[in-house]
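# A structural walkthrough
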Amino acid sequence: MAGKLFLCATPIGNMEDITFRVLRTLKEVDLIAAEDTRHSIKLLNHFEIKTPMTSYHEFNKIDKAKYLVEQMQAGVNIALVTDAGTPGISDPGEELVRQCYEAGIEVTSLPGPAACITALTMSGRETRRFCFEAFLPADKKERATILEELKTETRTIIIYEAPHRLLKTLAELAETLGADRKITVLRELTKRYEEAIPTTLKDAIAHFEENEPKGEFVLVIAGVPHSELVKQQQDDWLGVPIEEHMAHYEAEGMDSKEAMKQVAKDRGVSKRDIYAYMTELKNK
């Protein structure tokens, strides 16, 4: 009988946040795959867990996942833990999960701490719709592309950042999203010096220029209001002559009536206004 993969959420700072179910599972499985065994041994020692560990991290995730899948196919039950939080979120766990499903191995996730959700719920920002970007890409071109996409993101945005890169990232966000965009900067979640700072990107930069960034950060950024996005799109279209705007849609196969309706919608005016303009243009 094949083994099973258990995704075990572990504390992001406060040891008391671990669940009874995770503790029991870590004791009962045959093997624990850990992102950093040196880090995870502290957790195991704290709770007197003697289960053997093996490393599973970003740099061995493909080959090691194959090995772990083979072990589970042979009947070994394996728990996967990350350095902190829920495995599979912004860490190599997703590769192991993918290979498990391809091999027909059962996977289950044991709920628990996740920095992104913890930060979102205490940020004071809208929680109904959000997107998670984790750490922004290091590659300049890819990073610029992501930042440009975020400019028109209407959902609340969640980003992770390390202290030594915080000011650079805040500056890039301010330049792209606007210095007055609202943000809550959270650090050291669940730990002794936990802090949440609801502010703007401009004021966040000023704050951390005066106060050295310390700890791990989560940035929860307000999305652009939909009404503002619509107005911006309307303003962009207003810079285009109406006849060119009409031609744009007619070239896509719309008849004049359909094109007129869409042009009016794009520009935030009535269809009657577009009809009157086009009629006057035709009569000239």
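Residues numbered from 1 in each chain as written. Predicted model: local features only at pLDDT ≥ 70, side-chain atom pairs only at ≥ 80, totals over all residues. Heavy atoms only, no water.

### Description of helix H3 (residues 61-73)
For H3, with 13 residues, the first-to-last C-alpha span of 18 Å sits near the 18 Å given by 1.5 Å per residue. Taken as a whole, H3 has its buried residues at Lys64, Ala65, Leu68, Val69 and Met72. Buried positions in H3, seen along its axis, are confined to an arc of 145 degrees and lie on one side of it. Next to the buried residues of H3 lie strand E1 (4-8), strand E2 (31-34), strand E3 (53-55), strand E4 (78-81) and helix H4 (93-103). Taken from the residues just after H3, Gly75 is the one with a positive phi, measuring 105 degrees. (Helix = DSSP H or I, 4+ residues; strand = E, 2+ residues; numbered from the N terminus. Expected span 1.5 Å × (residues − 1). Buried < 20%, exposed > 50% of the residue type's maximum accessible area, 1.4 Å probe, protein only. Arc of directions from axis to C-beta. Contact = heavy atoms within 4.5 Å.)

### A few points about the environment of Gln262
With respect to the secondary-structure elements, Gln262 resides in helix H11 (residues 256-267). Here Gln262 falls in the partly exposed class, since its relative accessible area comes to 24%. The contact partners of Gln262, leaving out residues within four places of it in the chain, are Tyr249 and Met254.

### Structural notes on helix H10 (residues 242-251)
Working note: α-helix, 3.6 residues per turn, so residues spaced by three or four point in the same direction. Where H10 is concerned, the buried positions are Ile242, His245, Met246 and Tyr249. The buried residues of H10 occupy an angular sector of 100 degrees when the element is viewed end-on, so they sit on one face. Those residues of H10 that are buried lie in contact with helix H9 (226-238), H11 and helix H12 (271-283). Phi turns positive, to about 105 degrees, at Gly253, one or two residues after H10.

### Some words on the sheet that holds E2
With parallel pairing, the five strands of this open sheet are ordered in space as E3-E2-E4-E1-E5. A single partner strand is all that each edge strand has here, and the edge strands are E3 and strand E5 (106-110). Ignoring which end each strand starts from, the neighbouring axes of this sheet average 25 degrees apart. Note: E1 against E4, three bridges, orientation parallel. (Pairing = 2+ DSSP bridges. Axes fitted to C-alpha atoms, helices over the stretch in contact; angles between N-to-C directions.)

### Observations regarding the packing of helix H7 (residues 166-177) against helix H8 (residues 201-210)
To characterise two packed helices, one gives the angle between the axes of the helices and the distance between these axes. For the pair H7 and H8, the least separation of the axes is 9 Å and the interaxial angle reads 160 degrees. Taken together, the axes of H7 and H8 are roughly antiparallel relative to one another. The handedness of the crossing between H7 and H8 is left-handed. Residues Leu166, Leu167, Leu170, Ala171, Leu173, Ala174 and Leu177 of H7 touch H8, and the partners they reach there are Leu201, Ala204, Ile205, Phe208 and Glu209. (Parallel < 35°, antiparallel > 145°, perpendicular 65-115°, else oblique. Left-handed = near helix turned anticlockwise from the far one by under 90°.)

### Side note on the layout of surface pockets
Of the voids in this model, the largest pocket is the one considered here, and its volume is about 810 Å³. Around the largest pocket, the lining is made up of 33 residues, and of these Ile12, Asp83, Ala84, Gly85 and Glu216 lie nearest the centre. At the level of elements, helix H2 (37-46), strand E7 (156-161) and strand E10 (217-221) are the ones that each hand at least two residues to the lining of the largest pocket. Of the residues that constitute the lining of the largest pocket, the class distribution is 14 nonpolar, nine polar and ten charged. By volume, the second largest pocket is sized at about 190 Å³. Contributing to the lining of the second largest pocket are Arg125, Glu126, Arg128, Arg129, Thr154, Arg155, Thr156, Ala222 and Gly223. When the residues that make up the lining of the second largest pocket are grouped by side-chain class, the tally is one nonpolar, three polar and five charged. (1 Å grid on protein atoms, 1.4 Å probe; cavity = no way out; pocket = protein on both sides within 12 Å on 5 of 7 lines; lining within 4 Å. Points joined across faces, edges and corners; volume = space filled by probe spheres on them. Nonpolar A, V, L, I, M, F, W, Y, C, P; charged D, E, K, R; others polar.)

None of this, on its own, says anything about what the molecule does.
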